[in-house]
Amino acid sequence: MDLTLKIWRQASVDEDGKMVDYSISDVSPDMSFLEMMDMHNEQLINKGEDPVAFDHDCREGICGMCSMFINGEAHGPDRLVTTCQLHMRKFKDGDTIVIEPFRANAFPVIKDLAVDRSAFDRIQQAGGFVSVNTSGNTQDANAIPIDKHNADKAFDAATCIGCGACVASCKNASAMLFVSAKVSQYALLPQGKVEATDRVLNMVKQMDEEGFGNCTNTGACEVECPKGISLENIARMNSEYLYASLKG
Ligand code: SF4
Ligand code: FES
């Protein structure tokens, strides 16, 4: 396939960026999107030009690092896949592909397509954990009976990989789907109940301090989430937050 790529180039957080057009030939439909980007970067390097910076790590849909906004959609046109799992067979010969970074005030561009998502780390650090006794008297987790329905819901919430596609897809740049997945993961399990009140209050406070927008129930986050995280988690977090606020 021969393609035209329109790629956001930005040298640093302090400099203005712009879209730059490139042509690329002989792209195999069996390549992943990131392999196509690698091929493009090799061509830039061979011409003595600066390669396009983009984040990636596992390349199998687990780490949440690959963050590209492709033809107006976070992780591109396929559903329930990350950018690294997107294949070039989703495009046609002669296509123009527009590639931008995830855009949100709380995700400043580091360079080109790489953005700083450390705001998510700080939200996690504010409460996305359980404190356990590791003195040697730790209770076997399997000794705590957990309702199958709740275990399944908690597992579903735990599949959030923290990629930030929900933020990039939301017109308000809201992080509610991400934060609600992290809150739900623990709220549904007995191990998470101990710190539940502080957790939801602290994580929502940190989310607000990071500059993410409010949720207006548009639902774009759920559509674009590569892990199918449900809006049901946002409803659960709102209820957890109300309870924690009333409890004081
Ligand atoms: S909720 Fe979905 S889109 Fe948002 S960070 Fe988690 S996996 Fe990514
Ligand atoms: S590179 Fe790890 S999820 Fe895409």
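Use the structure listed above.
All values derive from a computational prediction rather than experimental measurement. (Residues numbered from 1 in each chain as written. Chains lettered and ligands numbered in written order. Predicted model: local features only at pLDDT ≥ 70, side-chain atom pairs only at ≥ 80, totals over all residues.)

**Q** Outline the overall build of the chain, listing residues and values.
**A** Across its full length, the chain holds nine helices and seven strands. The burial tally for the chain puts 37% of its 248 residues in the buried class. Taking the intrachain contacts of the chain between residues at least 6 apart in sequence as the baseline, contacts between residues at least 24 apart amount to 70%. (Helix = DSSP H or I, 4+ residues; strand = E, 2+ residues; numbered from the N terminus. Buried ≥ 20, exposed ≤ 12 C-beta atoms within 10 Å, placed from the backbone. Contact = placed C-beta atoms within 7 Å.)

**Q** Describe the site of ligand 1, listing the residues and the values that go with them.
**A** With respect to spatial proximity, 14 residues lie near ligand 1, and among them Cys 160, Cys 163, Ala 165, Cys 166 and Cys 225 are the closest. Listed by contribution, the elements that provide at least two residues to the shell around ligand 1 are helix 4 (165-169) and helix 5 (176-187). Per-element tally for the shell around ligand 1: the top contributor is helix 5, with three residues. Of the residues in the shell around ligand 1, the class split is eleven nonpolar, two polar and one charged. (Near = placed C-beta within 6 Å. Nonpolar A, V, L, I, M, F, W, Y, C, P; charged D, E, K, R; others polar.)

**Q** Residues and numbers for the sheet that holds strand 1 (residues 3-9), please.
**A** One open sheet holds the five strands; their spatial order is 2-1-5-3-4, and the pairing between them is mixed. Looking at the sheet topology across the chains shown, the edges are occupied by strand 2 (18-24) and strand 4 (73-74). In the sheet, strand 1 pairs with strand 2 via seven bridges, with the strands oriented antiparallel. Across the sheet, Leu 5 pairs through a bridge with Tyr 22, a residue of strand 2. (Pairing = 2+ DSSP bridges.)

**Q** How would you summarise helix 2 (residues 118-127) if you had to cite specific residues and measurements?
**A** An α-helical turn contains 3.6 residues, so any two residues separated by three or four positions project in the same direction. Among the residues making up helix 2, those that are buried are Ala 119, Phe 120, Ile 123, Ala 126 and Gly 127. Each buried residue of helix 2 sits inside an arc of 115° when the element is viewed along its axis, so together they form one side. Exposed residues lying more than 90 degrees from the buried face of helix 2 are Ser 118, Asp 121 and Gln 125. On the buried face of helix 2, the contacting elements are helix 5 and helix 7 (196-209). (Arc of directions from axis to C-beta.)

**Q** Account for the nonpolar core, with residues named and values stated.
**A** In terms of nonpolar packing, the biggest core is built from 61 residues, with Cys 166, Val 167, Leu 177 and Val 179 touching the most fellow members. Sorting the residues of this core by element identifies strand 1, helix 1 (33-46), strand 5 (96-100), helix 2, helix 4, helix 5, helix 7 and helix 9 (232-247) as the ones contributing at least two each. When residues in this core are grouped by element, the largest group, eight residues, is from helix 5. Formed jointly, this core draws a minimum of three residues from each of two domains, domain 1 (3-111) and domain 2 (118-247). (Core = buried A, V, L, I, M, F, W, Y, C linked by C-beta atoms within 7 Å. Domains from an automatic or database assignment.)

**Q** I'd love a proper account of the environment of Ile 97, names of residues and values included.
**A** As for its position among the elements, Ile 97 is in strand 5. If near-sequence neighbours (up to four positions away) are discounted, Ile 97 is found in contact with Leu 3, Leu 5, Ile 70, Asn 71 and Phe 91.

**Q** Go over the environment of Leu 3, please, and point to the residues and values.
**A** Along the chain, the position of Leu 3 falls in strand 1. Sequence-wise, Leu 3 and Ala 119 are 116 residues apart; in three dimensions their C-alpha atoms are separated by 35 Å. Ignoring any residue separated from it by four or fewer positions in sequence, one finds Leu 3 in contact with Ile 24, Val 27, Phe 91, Asp 95 and Ile 97.

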